[in-house]
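Working through the structure, step by step
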Amino acid sequence: MRTSIVVPAYNEATTIAEVVARIASFGRPIVVDDGSTDSTGAIARSAGAEVVRHDENRGYDGAIESGFKRAQAIATDIVVTFDADGQHDPTLLPDIISPLVSGQAELVIGIREKPARWSEALFNAYARLKYGVPDILCGLKGYRMSLYRVHGCFDSTQSIGTELALAGLRQGATAALISVPVGKRQDQARIGSAILANYRILKAFTTALRQDITTALLMKSP
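In this report, the structure presented in the accompanying data block is examined. (Residues numbered from 1 in each chain as written. Predicted model: local features only at pLDDT ≥ 70, side-chain atom pairs only at ≥ 80, totals over all residues. Heavy atoms only, no water.)

Counting its regular elements, the protein chain contains eight helices and seven strands. Its C-alpha atoms put the protein chain at 55 × 40 × 30 Å along the principal axes. Out of the 222 residues belonging to the protein chain, those deemed buried represent 50%. In the protein chain, of all internal contacts separated by at least 6 residues, the share reaching a separation of at least 24 is 71%. Between the averaged position of the 24 positive side-chain charges in the protein chain and that of its 23 negative side-chain charges there is a distance of 4 Å. (Helix = DSSP H or I, 4+ residues; strand = E, 2+ residues; numbered from the N terminus. Buried < 20%, exposed > 50% of the residue type's maximum accessible area, 1.4 Å probe, protein only. Contact = heavy atoms within 4.5 Å. Lys, Arg positive; Asp, Glu negative; His and termini not counted. Charge placed at Lys NZ, Arg CZ, Asp CG, Glu CD.)

Right, here's the structure in full:
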């Protein structure tokens, strides 16, 4: 089965070459250069990645959406989302890819030791209660492309990378969880200031909650 590793990247020139080099043996690196003002895209291409370029920054979800579209265009069977900042350990990739290849799971979700923000803790507490997933916001996830084709998109609601995973869980997709240690960033976080980040995550959480309520009501309808 063909595997692509989608890496959203915005001004990650300091880390992207090493990230691409370390993931390339596990799948086809697709780096989405999300309107970077540095040499992120050129460095990624020189390192061996396929690069999708945005002229303007579309944000995390928009970047991964473009990566999924490219993966679909090249007939990829499995997509793993992977951060460009050097925080994720590439040696975890076989543990994410293997259950997707074997058919044991349609979705693999990384689980960090602790959330980075109080808003993440709230969203994660709900996901644990509703779906048994203690960290819905981890950026390291693996998907069978069948989930993407059924849902039709990776994100349509600025979900902070949760929409497709939640859509799969609502549809009864088989999911596997994997522990993910998170290293230290080499530069500043891309989600924004603490206030803005918490706002975005809370907005994504309320959207997910509304969708779950709507789905539950539709299932009860005669």
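Moving on to the sheet that holds strand β7 (residues 175-179). Read across the open sheet, the seven strands follow the order β3-β2-β1-β4-β6-β5-β7; overall the sheet is mixed. Across the chains shown, the open sheet's two edge strands, defined by having one partner strand only, are β3 (50-54) and β7. Each adjacent strand pair in this sheet contributes to an overall mean axis angle of 20°, direction not counted. (Pairing = 2+ DSSP bridges. Axes fitted to C-alpha atoms, helices over the stretch in contact; angles between N-to-C directions.)

What follows covers the packing of aromatic side chains. Under the criterion given, the structure shown has six aromatic pairs. Arranged with centres 5.2 Å apart and planes meeting at 25°, the rings of F68 and F154 form a pair that is stacked. Here the residue F68 occupies a position in helix α3 (residues 59-73), and F154 occupies one in the loop between α6 (145-151) and α7 (163-170), the gap between them amounting to 86 residues. Comparing F68 with F154 shows no difference in burial state: the two are buried. Ring geometry for Y143 versus F154: centroids 6.1 Å apart, planes at 80°, classification edge-to-face. Here the residue Y143 occupies a position in strand β6 (residues 141-144), and F154 occupies one in the loop between α6 and α7, the gap between them amounting to 11 residues. Among the residues examined, Y143 registers a relative accessible area of 1% and is labelled buried. (Phe/Tyr/Trp six-rings, centres within 6.5 Å; stacked < 30°, edge-to-face > 60°.)

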